[in-house]
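Coordinates in review
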Amino acid sequence: MTVETKVKKVIAQKIANIDIDDIVPYQFKLPASPYVASNQTNIDIDFIKSKASYLLKFCDVLIIEGAGGLMVPIKQDYFMIDLIKEFQCKTILISPSSLGSINDTLLSQMALKNANIKYNWYINLYKNKQEFQ
């Protein structure tokens, strides 16, 4: 058995224990913030944390994406930035390269600093495909 075959076998065994409900524990039809899209379904942060702990058994690095921005509400008074604090994880702020992004980036950096969250930040140049490459 080649090394490549062994690696594929190990990956297949690990992935067999994971399904979409582990990766995306809450799924809503409405493309809106979790608080709005949930239609008053209780979003249990401990449940999200337990799913992350489960996934960590299968990988060396787990990336948790908080799409939409730091102040997107998950619950009525609980935001993406609160989830970052809860996980106490490395934080990466991704900023777009579009009009208005300087303001958004500076506001996000201010929010992270005020919350005492250390972070790295990067600019996504995808909209300018020549620069992106």
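For the structure itself, consult the block above.
Below, the structure is looked at part by part. (Residues numbered from 1 in each chain as written. Predicted model: local features only at pLDDT ≥ 70, side-chain atom pairs only at ≥ 80, totals over all residues. Heavy atoms only, no water.)

**Considering the environment of Ile-92**
- Mapped onto the fold, Ile-92 is located in strand β3 (residues 91-96).
- Along the sequence, Ile-92 and Tyr-122 sit 30 residues apart, while their C-alpha atoms lie 7.5 Å from each other.
- With residues near it in sequence (within four places) discarded, Ile-92 still touches Asn-120 and Tyr-122. (Helix = DSSP H or I, 4+ residues; strand = E, 2+ residues; numbered from the N terminus. Contact = heavy atoms within 4.5 Å.)

**Here's the deal with unusual backbone geometry**
- At Gln-40, a position not held by glycine, the phi torsion is positive, near 70°.
- When you line up the elements, Gln-40 lands in the loop between α3 (34-37) and α4 (45-56).
- By relative accessible area, which is 80% here, Gln-40 ends up exposed.
- At Asn-116, a residue that is not glycine, the phi angle is positive and equals roughly 60°. (Buried < 20%, exposed > 50% of the residue type's maximum accessible area, 1.4 Å probe, protein only.)

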